[in-house]
Amino acid sequence: GVLTWKEFGAVLNSPRLRNWLATLELESDDLVNLFNMIDDGDGEISLEDFLHGARHLRGPASSIALAEVMATARRTEAKAEALLMMLP
């Protein structure tokens, strides 16, 4: 299924969601940030991606997860630099 920003906002302060967040040791701001990270700009994300991401927000980041993020950032930066070099 798909979760829209409007649907997400409607349940953000529900007691059921608050209990789930407490179980994961998260705050509602964490979920807002997660939604924004997953969203590609259309205001919708897959429910599966959201739940997967929320489960991984809990606890400290592992070294391998941080290394993966750093590698992705380096690749993205290299692609951006290559694109800039193509501009007149």
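What this report covers is the structure whose coordinates are included nearby. (Residues numbered from 1 in each chain as written. Predicted model: local features only at pLDDT ≥ 70, side-chain atom pairs only at ≥ 80, totals over all residues. Heavy atoms only, no water.)

Digging into the nonpolar core
What counts, and what does not: In plain words, nonpolar cores are sets of buried Ala, Val, Leu, Ile, Met, Phe, Trp, Tyr and Cys residues tied together by side-chain atoms within 4.5 Å. Partly exposed describes any residue whose relative accessible area lies between the buried limit of under 20% and the exposed limit of over 50%, with all areas from a 1.4 Å probe on protein chains only and scaled to the type maximum. For helices the rule is a DSSP run of H or I covering at least 4 residues; for strands it is a run of E covering at least 2, with both sets numbered from the N terminus onward. Here a residue-residue contact requires only that any non-hydrogen atoms of the pair lie within 4.5 Å.
In this structure, L3, F8, L31, F35 and F50 are the most contacted members of the largest nonpolar core, which totals 14 residues. For this core, the elements supplying multiple residues, two or more each, are α2 (15-24), α3 (28-38) and α4 (47-57). With four residues, the single largest contributor to this core is α3. Residues contacting F50, with those up to four places away along its chain left out, are L3, F8, L31, L34, F35, I38 and I45.

A closer look at α2
Rules: Our arc is simply the arc of the directions from the helix axis toward the C-beta atoms.
Turning to α2, its buried residues are L17, L21 and L24. Seen from one end, α2 has its buried residues packed into an arc of 60 degrees, which puts them on one side. Set apart from the buried face of α2 by more than 90 degrees, the exposed residues are P15, R16, N19, A22 and T23. Check the buried side of α2 and you find it contacts α1 (5-11), α3 and α4.

What to know about the environment of E48
Examined against the element boundaries, E48 turns out to sit in helix α4. Here the alpha-carbon distance between E48 and V2, two residues 46 residues apart in the chain, equals 8.3 Å.

The values reported here are purely geometric and, on their own, carry no functional implication.
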